[in-house]
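Spelled out from the first residue to the last, the chains are:
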Protein chains: 4
Amino acid sequence: MKGLAMLKIGEIGWIEKDKPKCGPRDAIVKPLALAPCTSDVHTVWEGAIGERHNMILGHEAVGVVDEVGNDVKDFKPGDRVIVPAITPDWDTEAVQRGFPSQTGGVLGGWKFSNFKDGVFGEYFHVNLADSNLGHLPDSMSLEAAVMIPDMLSTGFMGAENANIEIGSSVAVIGIGPVGLSGIAGAKLRGAGRIFGVGSRPNLIKIAKKYGATDIISYKEGDTAEQILEATDGEGVDSVIVSGGGPDILIDALNIAKPGAKISNNNYFGSGFGEQDTIPLCRAGWGVGMAEKDIVTGLCPGGRVRMERLAEVITHGRMDPSLMASHVFKGFDKLEEALLLMKDKPRELVKPVVLVEE
Amino acid sequence: MKGLAMLKIGEIGWIEKDKPKCGPRDAIVKPLALAPCTSDVHTVWEGAIGERHNMILGHEAVGVVDEVGNDVKDFKPGDRVIVPAITPDWDTEAVQRGFPSQTGGVLGGWKFSNFKDGVFGEYFHVNLADSNLGHLPDSMSLEAAVMIPDMLSTGFMGAENANIEIGSSVAVIGIGPVGLSGIAGAKLRGAGRIFGVGSRPNLIKIAKKYGATDIISYKEGDTAEQILEATDGEGVDSVIVSGGGPDILIDALNIAKPGAKISNNNYFGSGFGEQDTIPLCRAGWGVGMAEKDIVTGLCPGGRVRMERLAEVITHGRMDPSLMASHVFKGFDKLEEALLLMKDKPRELVKPVVLVEE
Amino acid sequence: MKGLAMLKIGEIGWIEKDKPKCGPRDAIVKPLALAPCTSDVHTVWEGAIGERHNMILGHEAVGVVDEVGNDVKDFKPGDRVIVPAITPDWDTEAVQRGFPSQTGGVLGGWKFSNFKDGVFGEYFHVNLADSNLGHLPDSMSLEAAVMIPDMLSTGFMGAENANIEIGSSVAVIGIGPVGLSGIAGAKLRGAGRIFGVGSRPNLIKIAKKYGATDIISYKEGDTAEQILEATDGEGVDSVIVSGGGPDILIDALNIAKPGAKISNNNYFGSGFGEQDTIPLCRAGWGVGMAEKDIVTGLCPGGRVRMERLAEVITHGRMDPSLMASHVFKGFDKLEEALLLMKDKPRELVKPVVLVEE
Amino acid sequence: MKGLAMLKIGEIGWIEKDKPKCGPRDAIVKPLALAPCTSDVHTVWEGAIGERHNMILGHEAVGVVDEVGNDVKDFKPGDRVIVPAITPDWDTEAVQRGFPSQTGGVLGGWKFSNFKDGVFGEYFHVNLADSNLGHLPDSMSLEAAVMIPDMLSTGFMGAENANIEIGSSVAVIGIGPVGLSGIAGAKLRGAGRIFGVGSRPNLIKIAKKYGATDIISYKEGDTAEQILEATDGEGVDSVIVSGGGPDILIDALNIAKPGAKISNNNYFGSGFGEQDTIPLCRAGWGVGMAEKDIVTGLCPGGRVRMERLAEVITHGRMDPSLMASHVFKGFDKLEEALLLMKDKPRELVKPVVLVEE
């Protein structure tokens, strides 16, 4: 079978591999729609997770089941499925401690295009099919559905961790597709005023549709100062960090009220100095005593999560297909889509590849 | 001054009283809009809280500040304000334990038309003005604003206590104005499928606008059975109880998944038998071990709550004015509005009185 | 192999069965120590879970691994293990929702002596060995260890669900071994004053050692009234219900402060009337609005739980062996031990059977 | 009256001031026992909160009520009281948001020896007496009681914020009196294994009495590496940070399991570089996605807290008087006690001054 792979740091290409084998509780899935992620770009061109050779990329997919193991009960070949970016080993210790995305060690629930071949192949392997796959409703567009595995799950997590109360105020730093999903998530948790920090017109348009009430752009001045000014110096009740460089937590802390949560769903790809550090600001953090807690997470995976997020779309609570700014048709367009993600033209929100031409 | 009072159990009437006196931290407020509540009906015609003589009724109001005490900092005469139904004594013990609605004893935060004269007077007294009043935005319609003090605060609490996750399923039993607000609250917390249990067409119409995806009517059969059937026997993730008789928790438990929360915002005005009991069903409750927890609350009051709920309206997250089905003009229409509440015609959602003719 | 079984409702006896078969992820265990539970008595002589034929009883055991399946990684024959009373299927939906004890339906994590043969056999089967067995430290006495699977796990859960704050007050209703563990659990969560409600001298002695500061006996009058009197009419911050008849929640609600949690770990074996109901008291419950929430649970199982509870004993935080009031030696003493549990003599706390003579 | 004051940065001395005036809801208190705090040292000799002139120092006191305002109900002259270091304005906005220590702005609940004269005077002023004072039980030693206002409240908060489960593992970095109280707090929340990081023999002795199971000293090598080695590379479930320099969070993150909480109760008096930053380690923090949340707080104040902590002592749950290593008699010994705190001899735990000679 064919797959779009990372050949080595800095290089991608199509390769041939054997079709993956299916364990007794696993499934083999053929993709229906795929989406490249900024993480794929980090992985290949920044070497963010270290060297990999001939590893098929990709972790955002919906597909159709091709094969299931003997112990799989709830899925059969032909079923249309949502595949989470994160596929925990549900029968391990970290689940019992309450942290399924961390099974088998730090970020261990993240397997696709990290520890094993990703979803950018003609077929791909899913561990624990009954626990990790979600049923894909017939009525749902593939452009919407393919946002569930990572964009919605990560973005909404940002909002869920932010301790949003009905009517409280939120700032979302960064309005790429994860930040946009964070805005939608903040609205879904009942936020009142929502600041979106970003400057690209296409993204701003969606941010407003998803619930942003105020747009803050760096072009108008320091963004933290603008938010403080807009809130009479008070700051906001919650901050969701979905973008920015290694010093972005400084802004986040400075705009947070005492007692506000800083919810991070940013992948810090690099830090400062030899020690590779992420700085907090001592004063803005209230010398460590202002109850500005910093809460983190890795995209929740698993079947219940996927099926609940599908419910959000089915019942019209939000429409993620708005983010599919560039839709390609044909599996062989994957490379073009991924390179688009790398180049990140100003009008890009998220490229999607529909496998059938 | 004039006020619409409970003369004794079963009897209301207009009475004359002295204008209330203002303590150093308190305010005297003139109403702009008022709404009668089912509780007023319980209080007068069912004697639900015992005998009261010549007590001015009402606890749902927005108004304009007439006078403030010397220690009040944030409000002055002329300010337009939202007045919570529940006005806790914020400097007491129950607040420090985390239960402001219970200050000074069980349900002690409920003062208006319970321990002291309510808001159905030409003037009324508000304790701890800085802590309990909220600023009323100029742009907000009075019909919308007067829903904040009790309907939204109580209804949303039902959703907040129900442990709703993004995309999880909810059933709201009872779709009077509190239940409708519970539906809106469930949507504001991110619910996917929302069952509304009720049968009156006007209410059903609003339930759907507020987010109900399925309407269940007793006219079509046993409501619990209908919900179980619609969920393949699984039941729902959360149940909000906003209506029903003393045995309504039996239905609630029977439609709850193991692990589901039963969130009650029903005022149980009567129970069964001499011991005045509210029954749970042993089997449906999983013999007390199925993690079907029963969570309760009294309408949250206080300034932060009022101003956050105002934000919900300001930013268009929901429109409570849809519930103002009968709008009266003139303070002297209060009696008519209250009697309408008592008679509860089929098309009624909520009567509102705008004080200025 | 031999096992002590429920032959039918009302009758027990020794039977012969084939040694259980081991699935790929499972283990077969030989018991080292066993304990009968009040639940066994309910199951046999009250038919509490319905009819069962020739089902081996028991769910409290520590043992030694006899055989493991091919996919088991962390255990091997000869390993000494703690076996939880509740052995969830960790790769199912209820786990992802947060309720592992409810996998596969209401109370579905409870398999031993419910859906399959229990631990009162020469060998018994454990599903998902890596997820459900805990390593038994060499240094731990079997009398202490055998309390972990149910008594400590259930009793501590009562305290964990009770929202105990450091220094807050707790009442534990019922001081059998689960109630005693609830007292120890309340102390482990930092409770200040702890009321134990019971009257048997042996139990009272242990209650005090485990942290009870006040003992309340029905022999001195109404127990709820005594607790209210001792707290100047205020009641307590948390109530743990570990005993009592179907009307025990009435006492629990009456002694709870507004805002207090009622944490139930009682198995309600029977209710009132044809509808089999458990009554709440309308007034004591604050008409459903006093924030007296009723929280429930089923004994937490799984490996992490077992090994954490072992840590409690290893580090001397509490000594559960005090509860082993009657220690029998020899597997064939199981019947005597179970009948002792049935007869419940006044001096009994908990019988334990050490398998080796 | 006489008071021990900060004259300016770097200088202390006895000064004369008028006895403070009592507002209607306030109290004037005479000290019975006082304790200097490391914060006093920071304030004077490091200028940590900026310049202050002739401000009476101190925020740890128990005393006797000298005078109360007209609106005070629960205290009268002659009452013995515990005075919290943090005295929130309970009727302000931050309380309603859930953060009483942050009333009136960042760390605004900290008034003594910050915004107003502290407790090192012959008399001192307490705002909101009914809400902030706690009754001091007659039976309690003053050496024990004077630990409640800050040491126990801050130290226990460290444990409360650390998400400790019964039997889970904890590391406490720093075993000064706050760290020691953190160890005691971890035990009070049910921790199993507790690592205490420190090297001074007197402190180690108390750490063990309070529940530490393992002592880690920098003299034996890198402390983080020692803890990782002792836990087979896994790390701990919770970390409490009660000491260390501006880079201490790096150690904390490195020893935390994925999913572990980092609970800070350290006052970060200084940071690195011009931007005054506190660094996190990108890798040890799991690139911001390992669910190693950083939770912070300021010593909880208020009456309920004080009285609950008193219950802990009354019922023998722990004995804080062990920390009173140097007891002085006589108000005029305050200066000597404070200078001892400044010099921090190796055998010091905490100096206490009993006012009566």
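Just so it is clear, the structure is predicted and the values come from calculations on it, not from any experiment.

Draft legend 1. Structural context of the overall build of chain A. Regarding its fold elements, chain A presents eleven helices and 17 strands. On C-alpha atoms alone, chain A measures out to a radius of gyration of 20 Å, which is about the 21 Å that the 2.2 N^0.38 rule sets for 357 residues. With the principal axes as the frame, chain A shows a C-alpha extent of 60 × 45 × 40 Å. A buried classification covers 66% of the 357 residues belonging to chain A. Residue pairs at least 24 apart in sequence account for 72% of intrachain contacts in chain A once pairs closer than 6 positions are excluded.

Draft legend 2. Quick look at the nonpolar core. Ala33 of chain A together with Ala33 of chain C are the most contacted members of the largest nonpolar core, which has 496 residues in total. Each residue touching Ala33 of chain C, except ones within four places of it in the same chain, is listed here: Ala61, Val62, Leu142, Ala145, Val146, Val352, Val353, Leu354 and Val355 of chain C.

Draft legend 3. The packing of helix H5 (residues 148-160) of chain D against helix H6 (residues 177-188) of chain D, seen in detail. Residue and element names in this part refer to chain D. As a packed pair, H5 and H6 sit with axes 7 Å apart at the nearest point and diverge in direction by 50°. Our classification of the angle between H5 and H6 gives oblique. For the pair H5 and H6, the crossing hand works out as right-handed. Here Met151, Leu152, Thr154, Gly155, Phe156, Gly158, Ala159 and Glu160 of H5 come into contact with H6, specifically with Pro177, Val178, Leu180, Ser181, Gly182, Ala184, Gly185, Ala186 and Leu188. Counted by class, the contact of H5 with H6 contains ten nonpolar, six polar and one charged residues.

Draft legend 4. How the structure looks around the sheet that holds strand E4 (residues 55-56) of chain B. Taken in spatial order, the three strands of this open sheet run E2-E1-E4 (chain B), and their pairing is antiparallel. Bordering the open sheet on either side are strand E2 (11-16) and E4 of chain B, each of which pairs with just one other strand.

Draft legend 5. Spatial organisation of the interface of chain A and chain D. The partner chain D presents 37 residues to the 37 residues of chain A that form the contact. Of all elements in the fold, only helix H2 (93-97), strand E13 (256-264), strand E14 (277-281) and strand E15 (294-296) of chain A reach the threshold of two or more residues within the side of chain A that touches chain D. Here the element with the most residues in the side of chain A that touches chain D is E14 of chain A; it accounts for five residues. In terms of residue class, the side of chain A that touches chain D is made up of 19 nonpolar, twelve polar and six charged. In terms of strand pairing, E14 of chain A meets strand E14 (residues 277-281) of chain D through five bridges, oriented antiparallel. Across the sheet, Ile278 of chain A pairs through a bridge with Leu280 of chain D, a residue of E14 of chain D.

Draft legend 6. Local environment of the relation of the copies chain D and chain B. The two copies are related by a screw operation: chain D maps onto chain B through 180° of rotation and 0.0 Å of translation along the axis, at an RMSD of 0.0 Å. This pairing of chains is accounted for by a two-fold axis. Comparing interface residues between copies, 100% of those in chain D also lie at the interface in chain B; the contact surface is shared.

Draft legend 7. Summary view of the interface of chain D and chain B. If you look at the interface, chain D gives twelve residues, while chain B gives twelve residues. Considering every element that reaches the side of chain D that touches chain B, the biggest residue donor is helix H2 (residues 93-97) of chain D, with four residues. Considered class by class, the residues forming the side of chain D that touches chain B number four nonpolar, three polar and five charged.

Draft legend 8. Main features of the packing of H6 of chain D against helix H7 (residues 201-210) of chain D. Residue and element names in this part refer to chain D. Where H6 meets H7, the axes come as close as 8 Å, and the angle between the chain directions of the two elements is 15°. Relative to H7, H6 is oriented roughly parallel. When the axes of H6 and H7 are compared, the crossing they make is right-handed. Residues Leu180, Ile183, Ala184 and Lys187 of H6 lie in contact with H7, whose contacting residues are Leu203, Ile206, Ala207 and Tyr210. Across the contact of H6 with H7, the residue classes break down as seven nonpolar, no polar and one charged.

Draft legend 9. Fine view of the relation of the copies chain A and chain D. Rotating chain A by 180° about the axis while translating it 0.0 Å along that axis superimposes it on chain D, leaving an RMSD of 0.0 Å. In this assembly the copies share their binding face: 100% of the residues contributing to the interface of chain A also contribute to that of chain D.

Draft legend 10. Region of interest: the confidence of the model for chain A. Predicted confidence across chain A gives a mean pLDDT of 97, with 100% of residues reaching 70 or more. Both scores are available for the predicted complex, with the pTM at 0.98 and the ipTM at 0.97.

Draft legend 11. Broad picture of the environment of Leu188 of chain D. Turning to its location among the elements, Leu188 of chain D is positioned in helix H6. Excluding residues that lie within four positions of it along the chain, Leu188 of chain D makes contacts with Ile166 and Gly190 of chain C together with Phe156, Ala159, Arg317 and Met318 of chain D.

Draft legend 12. Looking closely at the pairing of strand E9 (residues 170-173) of chain D. Residues and elements named next belong to chain D. Going residue by residue along E9, you find Val170 and Val172 tucked away on one face and Ala171 and Ile173 tucked away on the opposite face as well. Note: E9 against strand E10 (residues 194-197), four bridges, orientation parallel. The residue bridging Ala171 from the neighbouring strand is Phe195, located in E10. Crossover E9 to E10 through H6 is right-handed. One ladder, built from four bridges, connects E9 with strand E12 (residues 236-241); its direction is parallel. Each bridged residue has a counterpart across the sheet, and for Val172 the counterpart in E12 is Ile240.

Draft legend 13. Seen up close, the domain arrangement of chain A. Residue and element names in this part refer to chain A. Domain annotation for chain A reports domain 1 (2-151 + 299-354) and domain 2 (162-296). A C-alpha centroid distance of 27 Å is found between domain 1 and domain 2. When residues in the side of domain 1 that touches domain 2 are grouped by element, the largest group, three residues, is from helix H1 (residues 38-46). Each residue belonging to the side of domain 1 that touches domain 2 can be placed in one class, and the counts come to six nonpolar, three polar and five charged.

Draft legend 14. How the structure looks around the environment of Gly158 of chain B. All names here are of chain B. With respect to the helices, strands and loops of the structure, Gly158 is situated in helix H5 (residues 148-160). Considered as a pair, Gly158 and Lys30 are 128 residues apart in the sequence and their alpha carbons are 30 Å apart. Each residue touching Gly158, except ones within four places of it in the same chain, is listed here: Gly182, Gly185, Ile240, Ser242, Ser263 and Asn265.

Draft legend 15. Examining the sheet that holds strand E2 (residues 11-16) of chain D more closely. All names here are of chain D. One open sheet holds the three strands; their spatial order is E2-E1-E4, and the pairing between them is antiparallel. Strands with a single pairing partner mark the edges of an open sheet, and in this sheet they are E2 and strand E4 (55-56). Where strand E1 (residues 2-8) meets E2, six bridges bridge the pair, whose relative direction is antiparallel. The residue of E2 that forms the bridge with Lys8 is Glu11.

Draft legend 16. Just H5 of chain D, in detail. In this model H5 of chain D runs just 16 Å from its N-terminal to its C-terminal C-alpha over 13 residues, more than 12% under the 18 Å that 1.5 Å per residue would give. Burial of H5 of chain D is extensive: 13 of the 13 residues sit out of reach of the surface.

Draft legend 17. Up close: helix H6 (residues 177-188) of chain C. Residue and element names in this part refer to chain C. The terminal C-alpha atoms of H6 lie 16 Å apart, and with twelve residues this matches the ideal 16 Å at 1.5 Å per residue to within 8%. In terms of burial, H6 is a largely internal element, twelve of the twelve residues being buried. At its buried positions, H6 is contacted by helix H5 (148-160), strand E9 (170-173), strand E10 (194-197), helix H7 (201-210), strand E12 (236-241) and strand E17 (350-354). Just downstream of H6, Gly190 is the residue with a positive phi angle, here 100°.

Draft legend 18. Just unusual backbone geometry, in detail. All names here are of chain B. In the Ramachandran plot, Leu107 falls in the positive-phi region, its phi being about 60° despite a non-glycine side chain. Relative to the helices and strands, Leu107 resides in the loop between helix H2 (93-97) and strand E7 (124-126). Classification of Leu107 as buried rests on a count of 23 C-beta atoms within 10 Å. At Asn163, a residue that is not glycine, the phi angle is positive and equals roughly 60°. Locating Asn163 in the fold gives a position in the loop between H5 and strand E9 (170-173).

So, how was this worked out
- Starting afresh in each chain, residues are numbered from 1 along the sequence in its written order.
- To label them, take the chains in the order written and letter them from A, then take the ligands in the order written and number them from 1.
- Local features in a predicted model are, by the rule used here, given only for residues with pLDDT of at least 70; side-chain atom pairs are given and counted only at 80 or more, and totals for whole chains, interfaces and linings are based on all residues.
- Under the DSSP-based scheme used, a helix requires at least four consecutive residues in state H or I and a strand at least two consecutive residues in state E, with every element numbered from the N terminus.
- It is over C-alpha atoms that the radius of gyration is taken, and the globule rule equals 2.2 Å times the number of residues to the power 0.38.
- Three exposure classes are used, based on other C-beta atoms lying within 10 Å of a residue's own C-beta, which is placed from the backbone: buried for 20 or more, exposed for 12 or fewer, and partly exposed in between.
- Contacts are defined on C-beta atoms placed from the backbone: any two residues whose C-beta positions lie within 7 Å are in contact.
- For the purposes of this analysis, a nonpolar core is taken to be any set of buried Ala, Val, Leu, Ile, Met, Phe, Trp, Tyr and Cys residues that are connected through C-beta atoms within 7 Å.
- Inter-axis angles, ranging from 0 to 180 degrees, are taken between N-to-C directions of lines fitted to C-alpha atoms, where helices are fitted over the stretch in contact.
- An angle counts as roughly parallel when it lies under 35 degrees, as roughly antiparallel when it exceeds 145, as roughly perpendicular when it falls between 65 and 115, and as oblique in every other case.
- By definition, any crossing whose near helix is turned counterclockwise from its far helix by less than a right angle is left-handed, and any crossing with a clockwise turn is right-handed.
- Gly is put with the polar residues, along with every residue not named as nonpolar or charged; the nonpolar set is Ala, Val, Leu, Ile, Met, Phe, Trp, Tyr, Cys and Pro, and the charged set is Asp, Glu, Lys and Arg.
- A strand pair is defined by DSSP finding two or more bridges across the two strands.
- What sets the superposition is a least-squares fit of C-alpha atoms, and only residues with pLDDT of at least 70 in both copies go into it.
- Each residue gets a pLDDT score, which is the predictor's confidence in that residue and runs from 0 to 100.
- By convention, a crossover is right-handed whenever its connection, traced from the first strand over the helix to the second and viewed with the strands pointing away, goes clockwise.
- Each domain span listed reflects an automatic or database assignment of domains.
- To estimate how far a helix should extend, the number of its residues minus one is multiplied by 1.5 Å.

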